[in-house]
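Results of the structural survey
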Amino acid sequence: MKRSPTSLATFLLCTSLCAASFAAPAEKFDDKFRQLDELLPTATPYRTASGAPGHQYWQQRADYTIRATLDEANRAISGSEQVTYHNNSPDTLTYLWLQLDQNIYKSDSDARRVQTAPSREAWMKPRGEEGAKYEGLRNTLVGRDFDGGFKIANVRSANGAPLKYVINGTMMRIDLPTPLKPGERVSFGMEWTYKINEQKVLGGRSGYEYFEEDKNTLFEIAQWHPRMAAYYDVAGWQHKQFLGSGEFTLEFGDYDVKITVPADHIVASTGELQNPGDVLTATQRQRLEQAKTAKKPVIIVTQAEAEAAEKSVSKATKTWHFKAKNVRDFAWASSRKFIWDAQGYKKDGTNVLAMSYYPKEGNPLWEKYSTASIIHTIEQYNKYSFDYPYPTAISVNGPVGGMEYPMISFNGPRPTKDKKTGELTYSKRTKYGLIAVIVHEVGHNYFPMIVNSDERQWTWMDEGLNSFVEYLAVQAWEKDFPIGRGDPRDIVGYMRSASQVPIMTNSESLLQFGNNAYAKPATALNILRETILGRELFDHAFREYARRWKFKRPTPADFFRTMEDASGTDLDWFWRGWFYTTDAVDISLDNISEFTVDTRNPEVEKAWAKARKAEEPVSITDQRNASMPRRIDTQPELRDFYNEHDEFTVTNADRNKYKEAMAELEPWQKELLAQGKYLYLVDFTNKGGLVMPLILEITLKSGKKTIERVPAEVWRYSPQKITKLLVTDEPMTALTQDPYWETADIDTSNNSWPRKAVPSRLELFKAERKAPDMMKDFNAKLKTDEKEGKEDAKPDGQPEAKPAVPPANGAAAKQEAEQQPQQPAGKQ
């Protein structure tokens with residue numbers, strides 16, 4: 001740190017310059033604070049510039065009546081549906097588009113044809129090194145032969161007349177015999193069948209799981225019927241092909257669904273059960289009624305009852321009837337293995353029955369935590385958005401690791417069974433992973449099942465926003481909850497990485513899916529809440545967004561504009577940096593200069609200068625000459641005035657000059673000179689490109705620490721380099737930028753003065769020069785299988801399995817993103 005005196009004139013000039021934070025030359029100017037006008041769509045009568053729905057806002061509606069049958073033996077579904085489509089748009093439609101998501105399982109689907117290997121390096125790794133996985137190769141080979149996809153038949157109008165239709169990959173166009181005018185509705189029907197995928201083999205957001213031990217199957221069924229594609233003001237028809245990552249964009253409507261399953265199955269479903277007397281026993285109905293007002297979960301189907309059901313397969317069937325109002329999708333699950341528990345939760349505008357369905361393989365974990373996690377989710381999400389409006393909320397344990405639908409979610413974590421003892425135990429990671437994934441998937445009821453964003457286009461609008469609220473919710477579960485996304489320190493590894501794309505990238509083109517769509521937007525919103533807006537302003541604005549767009553379809557512009565409108569803060573710089581670029585936060589504290597105000601008093605100033613002179617290092621020559629005999633010491637008569645006085649001696653002329661100068665000053669100027677403040681000019685460089693607030697921890701000589709928060713607008717005149725003036729009452733001994741790691745700064749080594757060494761550990765290893773011994777390996781005793789006594793070694797010359805490509809649909813990336821905790825910085 002440099003410390004130098006300055007004159008009053010220089011100090012006053014310094015003060016005026018500090019208002020501009022000592023901006024860099026104009027030629028380096030890059031306006032990080034320019035508005036997003038060139039990026040955001042122009043406001044319309046449908047969507048206002050404030051981010052709210054306009055006075056002419058409209059959205060389509062689709063109502064469904066469905067009858068379906070589950071063929072357990074052949075693992076297939078057949079069904080028929082009647083769709084009533086309401087044209088609430090100002091446009092006349094000559095055709096309709098539907099989503100056929102099961103077509104992703106066709107062997108020639110676009111998702112499979114565009115499949116690539118993860119990397120050449122993974123395929124070419126030497127034997128013994130971890131490369132591609134067995135599961136990936138199995139997925140590829142089975143997918144080539146699996147007869148998947150919808151078989152559509154009998155597409156007809158309401159009066160039974162055949163309708164012309166064309167199937168294009170995962171989309172289907174129905175040509176209308178007469179144009180559908182604004183305000184009109186049209187009804188049509190069709191029949192369909194498809195084979196259900198084995199989820200652990202082919203992946204996906206639904207499918208079946210087979211349990212070899214008891215020869216039973218658990219079905220999680222979604223994307224199971226042709227659904228209307230969305231038509232809206234911003235995009236028209238949203239009919240992008242389903243490639244696996246970009247999820248679903250759907251219309252709200254009412255569902256009337258009857259599902260025929262084996263008589264010994266229990267069905268969990270979107271909506272409310274209409275015929276409990278036909279499908280439940282009297283005891284089950286009594287337990288279900290008791291659960292509505294219970295203080296803890298009530299077991300509707302016990303583990304003993306589920307285990308008894310596993311022992312035989314009913315040839316009879318039962319039909320479960322469900323109705324759901326104002327939902328954008330419908331999913332269900334069915335198995336004779338299900339244990340079922342439930343508990344009611346009622347507060348303010350919420351009156352919901354929380355329910356969990358799981359096989360015995362899920363206990364003891366699921367019985368303890370699943371339903372409690374559902375209720376916790378609703379309680380917490382209601383605080384940050386709106387009251388949960390649906391009558392049920394369900395968590396199902398099955399093959400799908402984590403996936404959401406209205407009122408129902410599929411969640412994967414379960415205990416591990418010891419192969420020798422049969423004991424079921426679970427790790428800490430599994431426990432908190434289950435709680436977190438249930439919070440996340442049930443939370444999706446709010447985003448996007450109710451705040452109905454376009455998932456096919458913008459994954460972050462549902463996954464990122466939901467991950468952020470999940471981060472808030474799990475903190476209310478217990479202190480130091482170990483899994484979640486949102487803490488800035490956990491995103492820095494990703495922010496350092498090279499293979500990034502902006503958050504505002506189409507869902508199918510995302511790199512590092514979990515970090516981009518989940519972690520980065522969640523972290524950005526946490527920083528916006530904690531560091532930039534503060535909790536009060538942020539929470540009000542976020543609730544306003546959720547309530548404005550409840551049961552409507554927002555776009556990114558609506559979110560950005562609402563957050564600014566409701567918080568009263570211009571945040572265009574924030575959205576631009578965090579969402580439209582891959583810039584990182586790296587603010588370097590480069591240099592500090594200390595100033596104190598020149599009092600003009602020669603008694604004070606010359607004493608100060610003399611003290612600074614005394615602090616200078618003694619030259620090596622003077623050190624070695626310290627004991628040298630001096631003539632002046634042996635002949636003191638040679639001394640005169642200049643031996644007694646130096647340049648620091650105060651003269652009468654100095655005193656007179658001071659009196660004259662003080663006489664010219666106003667009283668407030670004299671007071672300013674007498675304050676004795678310490679002034680520091682601090683240079684900061686924005687190395688990462690992302691402008692952010694400065695959070696400065698100032699340590700004073702007395703040990704006192706203070707925090708000074710400087711808004712991001714400090715960079716408005718020069719986004720690359722600024723100089724900031726700090727004023728203290730006593731000398732500063734240390735300064736730290738971002739002391740709490742709240743801005744996701746990717747290099748904290750340049751954040752402190754004095755610089756701090758970064759501690760680490762050096763591992764030492766023995767040098768090994770062991771040569772391969774093929775003769776010894778050849779003569780090694782063959783291991784035998786413990787159960788069958790068969791040789792477990794491969795015959796000589798049998799080829800090793802080649803590394804495999806990832807599953808054909810992108811659900812694996814989503815499920816991995818939702819189940820895995822975010823890794824600490826530098827480990828991603």
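As a starting point, this report considers the structure included with it.

Thresholds applied
- Residues numbered from 1 in each chain as written.
- Predicted model: local features only at pLDDT ≥ 70, side-chain atom pairs only at ≥ 80, totals over all residues.
- Heavy atoms only, no water.
- Phe/Tyr/Trp six-rings, centres within 6.5 Å; stacked < 30°, edge-to-face > 60°.
- Helix = DSSP H or I, 4+ residues; strand = E, 2+ residues; numbered from the N terminus.
- Buried < 20%, exposed > 50% of the residue type's maximum accessible area, 1.4 Å probe, protein only.
- Lys NZ or Arg CZ within 6 Å of the ring centre and 35° of its normal.
- Pairing = 2+ DSSP bridges.

**Digging into the packing of aromatic side chains**
Tallying each qualifying case throughout the model produces 48 aromatic pairs. Aromatic side chains Phe338 and Tyr357 sit 5.8 Å apart centroid to centroid with 70° between the ring planes, which places their arrangement in the edge-to-face category. Highlighted residues: Phe338 in the loop between β19 (332-335) and β20 (339-347) and Tyr357 in strand β21 (residues 350-358), separated in sequence by 19 residues. Each member of the pair Phe338 and Tyr357 is classed as buried. Between Phe386 and Tyr446 the ring centres are 5.4 Å apart and the planes differ by 35°, which places this aromatic pair in the tilted class. Taken together, the residues Phe386 in the loop between α9 (365-384) and β22 (392-397) and Tyr446 in the loop between α10 (428-443) and α11 (460-475) connect sequence positions 60 residues apart. Side by side, Phe386 and Tyr446 carry an identical accessibility label, which is buried. Seen from the ring of Phe211, Lys337 lies directly overhead, with NZ or CZ sitting 4.3 Å from the centre. Its end group placed over the ring of Tyr232, Arg553 keeps NZ or CZ at 4.9 Å from the ring centre.

**Observations concerning the pairing of strand β10 (residues 216-221)**
Among the 6 residues that make up β10, 6 are buried, leaving the element largely enclosed by the rest of the structure. With 5 bridges joining them, strand β9 (residues 207-211) and β10 adopt antiparallel strand pairing. The partner of Tyr208 across the bridge, within β10, is Phe219. Hairpin geometry of β9 and β10 is characterised by an intervening segment of 4 residues between the two adjacent antiparallel strands and by a positive phi of about 60° at Lys215. Judged from the 3 bridges that link them, β10 and β19 form a sheet pairing that is antiparallel. Its bridge partner being in β19, Ile221 is matched across the sheet by Trp332.

**Here's the deal with the pairing of strand β14 (residues 253-262)**
A regular strand places its side chains so that they alternate between the two faces of the sheet. Extensive coverage of β14 is indicated by the burial of 8 of its 10 residues. Both β14 and strand β18 (residues 317-327) contribute to a ladder of 9 bridges, which runs antiparallel. Paired with Gly253 across the two strands is Val327, which belongs to β18.

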